[in-house]
Amino acid sequence: MTGEGTWLEQARAAHWRGDDAGESAALDAAIRADRANIAAILAMAELKRRLSDDRAAGSFYRLALGTAAQARSVPPALHPGLQRAEVFLAATEQAFADHLLGQLRGAGIDAAGATPRVAEALRMLAGDQPLYLQQPSMFYFPGLAQRAFFDRADFDWVPAVEAATDAIRAELQALVASTADRFGPYVTASPDRPPPNNPLLDKPDWGAAWLWKDGEIAEGMDMLCPEALAALAQAPQPVIPGRAPLALFSRLKPGTHIQPHHGMLNTRLICHLPLIVPDGCGLRVGAETRVWREGELTIFDDSFEHEAWNRGTSDRTVMLFEIWRPDIDADERDQLTRIFSAIDSYSEQ
């Protein structure tokens, strides 16, 4: 008799005798002997469910689903049990959320009346919101607050930049009206490198007219956009030879969707000064979606998953630039500048 036959027959015999303890012991022995025994794990979940121990049932159902996800193949006979696991977990999670929110409302706490951070924690606890964290694609700096959007009022330089909105918009409009089109595709491929897997590669749908690029003022922009450059000088932009400052007019044509992605660094914040914003445009960073308002800076950490779209009928254009995160002090900024310069010097070899 095989080992599987032994535990299965023992569990079945105990079940028919009504011996819950004996059935549990047989299943426990099978799971301890083989942690990947999905059939035994599912059987234990079903036993806990019959015993009205939903929390234990949920634990075993999760284990079964996780084990199945890592298995090379799962016998078709186990598929119905795994489907029951998914249905049960969805129902119990909803029941938990309903119980939790009911209890909290009874105590005078709900998502509507809670502080923003408590409300977000409740949404995640109830399963209504995924957990988003910084996930920069190139460089991670530890110890920074996990904060997707930043308040304009926290930065003393913001009013000076926003006050220049009309002048910067006029420069943008003159730029667009000129015969020499300064806008090119934002997503391009580097020479001798594989092209990025991005549907906007080499497309004008997401256009860029650079003000600062690779740490230098873009050619001719000092004459064409002096007001924009003067406004940018008010902000704490990183200065890294060959890399920063970085600033541009970023244009999305109607129907364009920048797919969810992560930025390269969490040491910076991205700033958008909205200049031309039709209806139907939006930006999601982490779990929060916002709309741009002309003349009001939007400041966010692009190391969170983010996406943007223009579902309107005309172009949306912002002035995009980067600043140091305010919670990185002067000494750390100096050291990070040296690190990024060292990285770039190796890349150039």
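Residues numbered from 1 in each chain as written. Predicted model: local features only at pLDDT ≥ 70, side-chain atom pairs only at ≥ 80, totals over all residues. Heavy atoms only, no water.

Caption draft 1: Focus on the overall build of the protein. Of regular secondary structure, the protein possesses 11 helices and 12 strands. Taking 2.2 N^0.38 as the reference for a compact globule, 349 residues should give roughly 20 Å; the C-alpha atoms of the protein span a radius of gyration of 28 Å, well beyond that estimate. Expressed as lengths along the three principal axes of its C-alpha atoms, the size of the protein is roughly 90 × 55 × 45 Å. Sorting the 349 residues of the protein into buried and exposed places 42% on the buried side. Here the contacts in the protein between residues at least 6 apart in sequence split such that 70% fall between residues at least 24 apart. Looking at the protein as shown, the accessible area adds up to about 19,300 Å², and 52% of this sits on carbon and sulfur atoms. For the protein, the centre of its 33 positive side-chain charges and the centre of its 48 negative side-chain charges are spaced 6 Å apart. (Helix = DSSP H or I, 4+ residues; strand = E, 2+ residues; numbered from the N terminus. Rg over C-alpha atoms; globule rule 2.2 N^0.38 Å. Buried < 20%, exposed > 50% of the residue type's maximum accessible area, 1.4 Å probe, protein only. Contact = heavy atoms within 4.5 Å. Areas by Shrake-Rupley, 256 points an atom, 1.4 Å probe, with all protein chains shown as cover. Lys, Arg positive; Asp, Glu negative; His and termini not counted. Charge placed at Lys NZ, Arg CZ, Asp CG, Glu CD.)

Caption draft 2: Expanded view of the layout of surface pockets. Looking at the second largest pocket, its volume works out to about 610 Å³. Around the second largest pocket, the lining is made up of 22 residues, and of these Arg117, Glu120, Gln146, Arg147 and Ala148 lie nearest the centre. Secondary structure elements with two or more residues in the lining of the second largest pocket: helix H6 (116–125) and strand E9 (288–290). Broken down by element, the residue count for the lining of the second largest pocket peaks at 6 residues, all from H6. (1 Å grid on protein atoms, 1.4 Å probe; cavity = no way out; pocket = protein on both sides within 12 Å on 5 of 7 lines; lining within 4 Å. Points joined across faces, edges and corners; volume = space filled by probe spheres on them.)

Caption draft 3: Layout of the packing of aromatic side chains. For the structure on display, the rule yields 7 aromatic pairs. Geometrically, the ring pair formed by Tyr186 and Trp206 is stacked, given 4.1 Å between the ring centres and 20° between the ring planes. Here Tyr186 is found in the loop between strand E2 (184–185) and strand E3 (206–213), whereas its partner Trp206 is found in strand E3, with 20 residues between them in sequence. Residue classification places Tyr186 among the partly exposed residues on the basis of a relative accessible area of 29%. Seen in terms of ring centroids, Tyr186 and Trp210 are 6.0 Å apart; in terms of plane orientation they differ by 20°. Their pairing is stacked. Residue Tyr186 is found in the loop between E2 and E3, and its partner Trp210 is found in strand E3; the two are separated by 24 residues along the sequence. Accessibility expressed as a relative area gives 19% for Trp210, which makes it buried. Three or more aromatic residues joined by ring pairs form one cluster here, namely Phe155, Trp157 and Phe321. (Phe/Tyr/Trp six-rings, centres within 6.5 Å; stacked < 30°, edge-to-face > 60°.)

Caption draft 4: Quick peek at helix H4 (residues 54–70). Between its first and last C-alpha, H4 extends 24 Å over 17 residues, near the 24 Å set by a 1.5 Å rise per residue. Taken residue by residue, H4 has Ala56, Ala57, Gly58, Tyr61, Ala64, Thr67 and Ala68 as its buried positions. (Expected span 1.5 Å × (residues − 1).)

Caption draft 5: Spatial organisation of the sheet that holds strand E6 (residues 257–261). Spatial ordering of the open sheet is given by E6-E11-E8-E9, a layout of 4 strands whose pairing is antiparallel. Two strands in the sheet have a free side with no partner beyond their single neighbour: E6 and E9. Along the sheet, successive strands turn relative to each other by an average axial angle of 15°, direction set aside. Bridging between strand E8 (residues 281–285) and strand E11 (residues 306–310) involves 5 bridges; their strand directions are antiparallel. Within E11, the position partnered with Val285 by the bridge is His306. (Pairing = 2+ DSSP bridges. Axes fitted to C-alpha atoms, helices over the stretch in contact; angles between N-to-C directions.)

Caption draft 6: Structural context of the side chain of Asn266. Among the secondary structure elements, Asn266 is positioned in the loop between E6 and strand E7 (268–276). A polar side-chain atom of Asn266 sits 3.1 Å from a polar atom in the side chain of Gln134. In this structure Asn266 touches Gln134, Pro136, Phe139, Tyr140, Phe141, Leu144, Asp301, Ser303 and Arg325, once residues within four positions along its chain are discounted. (Polar contact = N/O pair within 3.5 Å; in protein donor to acceptor, adjacent residues only side chain to side chain.)

Caption draft 7: Unusual backbone geometry, seen in detail. Across the junction of Ala244 and Pro245, the peptide omega takes the value 10°, indicating a cis bond. Position of Pro245 relative to the elements: it lies in the loop between helix H10 (226–232) and strand E5 (247–252). Of note in this structure, Asp202 is not a glycine but carries a positive phi near 60°. With respect to the secondary-structure elements, Asp202 resides in the loop between E2 and E3. A relative accessible area of 49% means that Asp202 is categorised as partly exposed. Within the chain, Asp214 stands out as a residue other than glycine whose phi angle is a positive 55°. Topologically, Asp214 is positioned in the loop between E3 and strand E4 (216–217).

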